[in-house]
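# Results of the structural survey
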Number of protein chains: 2
Amino acid sequence: MKVLIIGAAGMIGRKLTASLLQAGTIGDRPVTELVLADVVAPQAPQTALAIQTIAADLSVAGVADQLLAGRPELIFHLAAIVSGEAEADFEKGYRINLDGTRLLFEAIRQAGAQGGYCPRVVFTSSIAVFGEPLPSVISDTQHHTPLTSYGTQKAICELLLADYSRRGFFDGVGIRLPTIVVRPGKPNRAASGFFSGILREPLAGLDAVLPVADSVRHWFASPRAAVGFLRHAAAMDTAPLGAQRSLSMPGLAATVGEEIAALQRVAGDKAVALIRRETDEAITRMVAGWPQAFEAERAKALGFKGDSSFDEIIRIHIEDELGGVIA
Amino acid sequence: MKVLIIGAAGMIGRKLTASLLQAGTIGDRPVTELVLADVVAPQAPQTALAIQTIAADLSVAGVADQLLAGRPELIFHLAAIVSGEAEADFEKGYRINLDGTRLLFEAIRQAGAQGGYCPRVVFTSSIAVFGEPLPSVISDTQHHTPLTSYGTQKAICELLLADYSRRGFFDGVGIRLPTIVVRPGKPNRAASGFFSGILREPLAGLDAVLPVADSVRHWFASPRAAVGFLRHAAAMDTAPLGAQRSLSMPGLAATVGEEIAALQRVAGDKAVALIRRETDEAITRMVAGWPQAFEAERAKALGFKGDSSFDEIIRIHIEDELGGVIA
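Residue positions are given per chain, counting from 1 as you read along its sequence in written order. For this description, chains carry letters from A and ligands carry numbers from 1, given in the order in which they are written. Under the rules for a predicted model, residues below a pLDDT of 70 receive no local features and side-chain atom pairs below 80 are neither given nor counted, while totals for whole chains, interfaces and linings still include all residues.

Moving on, we come to the relation of the copies chain A and chain B. Mapping chain A onto chain B leaves a residual RMSD of 0.0 Å; the transformation is a rotation of 180 degrees accompanied by 0.0 Å of translation along its axis. Taken together, the turn and the small shift mark the pair as related by a two-fold rotation axis. Using C-alpha coordinates, one finds that chain A approaches the rotation axis most closely at H143 of chain A, a distance of 1.9 Å. By the convention adopted here, residues make contact when the C-beta atoms placed from their backbones lie within 7 Å. Of the interface residues in chain A, 94% have counterparts in chain B that sit at the interface too, so the contact is made through matching surfaces. The copies are overlaid by a least-squares fit using only the C-alpha atoms of residues whose pLDDT is at least 70 in both copies.

Here it is, written out as structure tokens:
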């Protein structure tokens, strides 16, 4: 199976690449070719498999055609700029997150018009398509009320994904990722960054700032669970999706206090002591409008599996990022 | 007040123009200038008011800038191709219904960036943003599940309208029009055409074909009510809308059987006898997925008013289109 990953240099893209190379299969089909694309050329992993890496800005006309030259049967579209940046730079957000996606979808449609091409497209949407007022647990039929340009762009792409799939131009699955914790590496411009920071920094022996109250509740998945969602979406039977192609993923609901309690259980009081409380009114207001928990019944019924506990989420970070060692 | 109507040559656009000229005001402000735009130049009505008519395809780059040259304070954006055509011609549907709208919104944003321009934008959305599975009465928080490209395009434009309004680029109100009956003139390519046809043709002494069962229930408004919705959206206080800028309008729910019963009461057995039942499986399947009724609580609370009965809807057609005379 020929696989294209767009956004392969990002955190999830790199982990997905590693996972595909390790498993060697999508469902029961071997991965035979892998094309890794991002705005900066992704690093080619050490492997016997034929891997092509491409530096490509999807929002530039013609680029999507190049990415489809080998007619990949499976396309992961993970490329996006994050919420904070899309809010700060209106034009860039629409260009990358909306126009880039639409140019990809159009290129697939045009390729299909030349004869029989209809790939699986796995698109990463976001829980940011939902904004207040929200119920404490969000059902699979919650209406989209994005309160950011990023959430608006993701909601629009979900609609396009559904229409292009309905028309038979490709076979799309949209997955609304929970907030990923523990996000490794440096903080990015996502406003949700502190949810990872209050775990990642103390686990590395560093100070972390908590800008909201301990009672703030949110919806999470580990990077490992996120990669699992993507791989499941790539291999699943899409017939049960009908016209509704996007799914809220089964994350884990937890308060900041529960995050910290899990950190204490896994890494002790020393780690917890590194968290400094400095209320940020702007972040507090923003987070108050965010989803707290989801039913995710459709996704669960279709076989998507999330993390079992917050302790597990922290242990995954220690295993996958810290070589098993807490600072 | 300077007013721009885009889509002014269409049925609703012409009736809106006539209504504005007759009333002379939007809310308590006089209409001082009127620009009428459509793909074919709208006819300029006989009036003392300064009226400019423009033939303009909004989906062509730069055209929106021309339409905004006089900095209209109120913009009605009614221009769209209908559902049947958007389904038959995928590219044209997206070009006119999505790209045209986005180019308009962008042109307003760019004009605003040059200093202080922030018009009211009244956008006609559609109940086609909803598709099966649907409850028998649809609430104001029903999620968007369009089953046509037209419905997808309208749902996307609602999202853009909300984001551009949230950002302060304009002050948008989206109104999801019910199916308009009795639509005057010739049938257009909307799949919903028969709902009007079975009234309009018999009232003119002509045969009409009914392609679905009498039990089919749907959601209606007269052209006069639709113009009322548009004028109310133009003058209303938008503060109570918050981030959710689009509203389902208070239409009237009726079955085809109830339509025919109203026709019988208003125009007698002779009219009803002109309806010929010829089941069309394709139309029957399509209509089965359409909305049947809405709560429209938000719109009612905000002062939008629909028709009081189907008899009234038919009488409006006889008054406004037939000079009070039934064939």
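This is not the end of the story, as more comes after the structure.
What follows covers the interface of chain A and chain B. Each partner contributes residues to the interface: chain A has 18 residues there, and chain B has 17 residues. For the side of chain A that touches chain B, the element with the most residues is helix 5 (residues 149-166) of chain A, which contributes six residues. Charged residues are taken to be Asp, Glu, Lys and Arg, nonpolar residues to be Ala, Val, Leu, Ile, Met, Phe, Trp, Tyr, Cys and Pro, and polar residues to be all remaining types, Gly included. Classifying every residue of the side of chain A that touches chain B gives seven nonpolar, nine polar and two charged. Comment: elements are numbered from the N terminus, with helices defined as DSSP H or I runs of at least four residues and strands as E runs of at least two.

What follows concerns the packing of helix 4 (residues 90-113) of chain B against helix 5 (residues 149-166) of chain B. Residue and element names in this part refer to chain B. Lines fitted to the C-alpha atoms define the axes, with helices restricted to the stretch that makes contact. Angles between their N-to-C directions range from 0 to 180 degrees. Relative orientation of the contacting elements helix 4 and helix 5 amounts to 10 degrees, with a least axis distance of 9 Å. By the angle between their axes, helix 4 is roughly parallel relative to helix 5. Between helix 4 and helix 5, the contacting residues are F90, G93, Y94, N97, L98, T101, R102, F105 and R109 on the first element and S149, Y150, Q153, I156, C157, L160 and Y164 on the second. Here the contact of helix 4 with helix 5 is composed, by residue class, of nine nonpolar, five polar and two charged. Should an angle fall under 35 degrees it is taken as roughly parallel, and over 145 as roughly antiparallel, whereas 65 to 115 is taken as roughly perpendicular and any remaining angle as oblique.

Residue and element names in this part refer to chain A. In this analysis, strands are considered paired if DSSP registers two or more bridges between them. The mixed open sheet is built from three strands, whose spatial order is 9-11-13. The strands lining the two open edges of the sheet, one partner per strand, are strand 9 (179-180) and strand 13 (252-255). In this sheet, strand 11 (residues 217-221) lies alongside strand 9 in parallel orientation, the contact comprising two bridges. Note that in strand 11 the partner of T179 across the bridge is F220.

Glancing now at unusual backbone geometry. Glycine aside, a negative phi is what most residues show, and trans is what most peptide bonds show. Here the bond from E132 of chain A into P133 of chain A is cis, since omega is 0 degrees, no more than 30 degrees from zero. Secondary-structure assignment places P133 of chain A in the loop between strand 7 (120-126) and helix 5. In this structure, V182 of chain A follows V181 of chain A across a cis peptide bond, with omega equal to -5 degrees. Within the fold, V182 of chain A resides in the loop between strand 9 and helix 6 (194-203). Of note in this structure, R71 of chain A is not a glycine but carries a positive phi near 50 degrees. Residue A296 of chain B is not a glycine yet carries a positive backbone phi of 55 degrees.

Bringing the domain arrangement of chain A into the picture now. All names here are of chain A. Residue ranges assigned to the domains are those given by an automatic or database domain assignment. Per the domain assignment, the segments of chain A are domain 1 (2-177 + 221-248) and domain 2 (191-218 + 252-294 + 307-321). Among the secondary structure elements, those contributing two or more residues to the side of domain 1 that touches domain 2 are helix 3 (83-88) and helix 7 (223-235). When grouped by side-chain class, the residues that make up the side of domain 1 that touches domain 2 number eight nonpolar, six polar and two charged.

Next up on the list: the sheet that holds strand 12 (residues 246-248) of chain B. All names here are of chain B. The strand order across the open sheet built from seven strands is 5-4-1-6-7-8-12, with neighbouring strands paired in parallel fashion. Whereas interior strands pair on both sides, the edge strands pair on one side only; in this sheet they are strand 5 (50-55) and strand 12. Strand-to-strand twist across the sheet, computed as the mean angle between neighbouring axes with direction ignored, equals 15 degrees. The pairing of strand 6 (residues 74-77) with strand 7 (residues 120-126) spans four bridges and is parallel.

It is worth spelling out the pairing of strand 11 (residues 217-221) of chain B at this point. The side chains of a regular strand alternate, residue by residue, between the two faces of the sheet. All names here are of chain B. Between the buried cut of 20 or more and the exposed cut of 12 or fewer other C-beta atoms within 10 Å of a residue's own C-beta lies the partly exposed class, and all C-beta atoms are placed from the backbone. Among the five residues that make up strand 11, four are buried, leaving the element largely enclosed by the rest of the structure. As paired strands, strand 11 and strand 13 (residues 252-255) are joined by four bridges and run antiparallel to one another. If you follow R217 over to strand 13, its bridge partner there is T255.

This part covers helix 8 (residues 256-272) of chain A. Residue and element names in this part refer to chain A. Multiply 1.5 Å by the residue count of a helix minus one, and that product is the helix's expected span. Compared with the 24 Å implied by 1.5 Å per residue over 17 residues, the 12 Å span of helix 8 between its first and last C-alpha is markedly short. The angle separating two fitted axes, one through the seven residues that finish at a residue and one through the seven that start at it, defines the bend at that residue. At V266, helix 8 shows its maximal bend, which comes to roughly 110 degrees. Considered for burial, the residues of helix 8 that qualify are V256, E259, I260, L263 and A271. Of the surrounding elements, those touching the buried residues of helix 8 are helix 6, strand 10 (208-210), strand 13, strand 14 (275-277) and helix 11 (310-321).

Residue and element names in this part refer to chain A. Taking 1.5 Å as the rise per residue, helix 5 with 18 residues should run 26 Å; its terminal C-alpha atoms sit 26 Å apart, in good agreement. The element helix 5 is extensively covered by neighbouring structure, given that 17 of its 18 residues are classed as buried. Backbone geometry just downstream of helix 5 places G168 in the positive-phi region, at approximately 85 degrees.

Let us look at the nonpolar core. For our purposes the nonpolar core covers buried Ala, Val, Leu, Ile, Met, Phe, Trp, Tyr and Cys residues that link as a set through C-beta atoms within 7 Å. In this structure, I5, I6 and L230 of chain A together with I5, I6 and L230 of chain B are the most contacted members of the largest nonpolar core, which totals 196 residues. Dropping the residues within four chain positions of it, I6 of chain B is found in contact with A37, L58, L67, I75, F76, H77, L78 and A79 of chain B.

Residues and elements named next belong to chain A. Position of F304 among the secondary structure elements: in the loop between helix 10 (297-301) and helix 11. We classify F304 as buried; it has 20 C-beta atoms within 10 Å. In this structure, the C-alpha to C-alpha distance between F304 and G228, residues 76 residues apart in sequence, is 7.8 Å. In contact with F304, not counting residues within four places along its chain, are F229, H232, M249, P250 and A299.

Residues and elements named next belong to chain B. Relative to each other, helix 8 (residues 256-272) and helix 11 (residues 310-321) sit at 60 degrees, their axes nearing to 9 Å. Considered as vectors, helix 8 and helix 11 are oriented oblique to each other. Seen along the crossing, helix 8 lies across helix 11 with a hand that is right-handed. Two secondary-structure elements touch here, helix 8 through E258, E259, A262, L263, R265 and V266 and helix 11 through F310, D311, I314 and R315. Residue classes in the contact of helix 8 with helix 11 are distributed as five nonpolar, no polar and five charged. The hand of a helix crossing depends on one turn: near helix anticlockwise from the far one by less than a right angle means left-handed, and clockwise means right-handed.

Residue and element names in this part refer to chain A. Turning to its location among the elements, L252 is positioned in strand 13. A tally of 21 C-beta atoms within 10 Å means that L252 is categorised as buried. Residues in contact with L252, not counting those within four places in the same chain, are F220, A221, G306, D307, F310 and I313.

The next subject is the pairing of strand 6 of chain B. Residue and element names in this part refer to chain B. Judged by which residues are buried, strand 6 turns out to be covered on both faces: L74 and F76 on one side and I75 and H77 on the other are all buried. Sheet analysis places strand 1 (residues 2-6) next to strand 6, joined by four bridges and oriented parallel. By the bridge assignment for strand 6, V3 is matched with L74.

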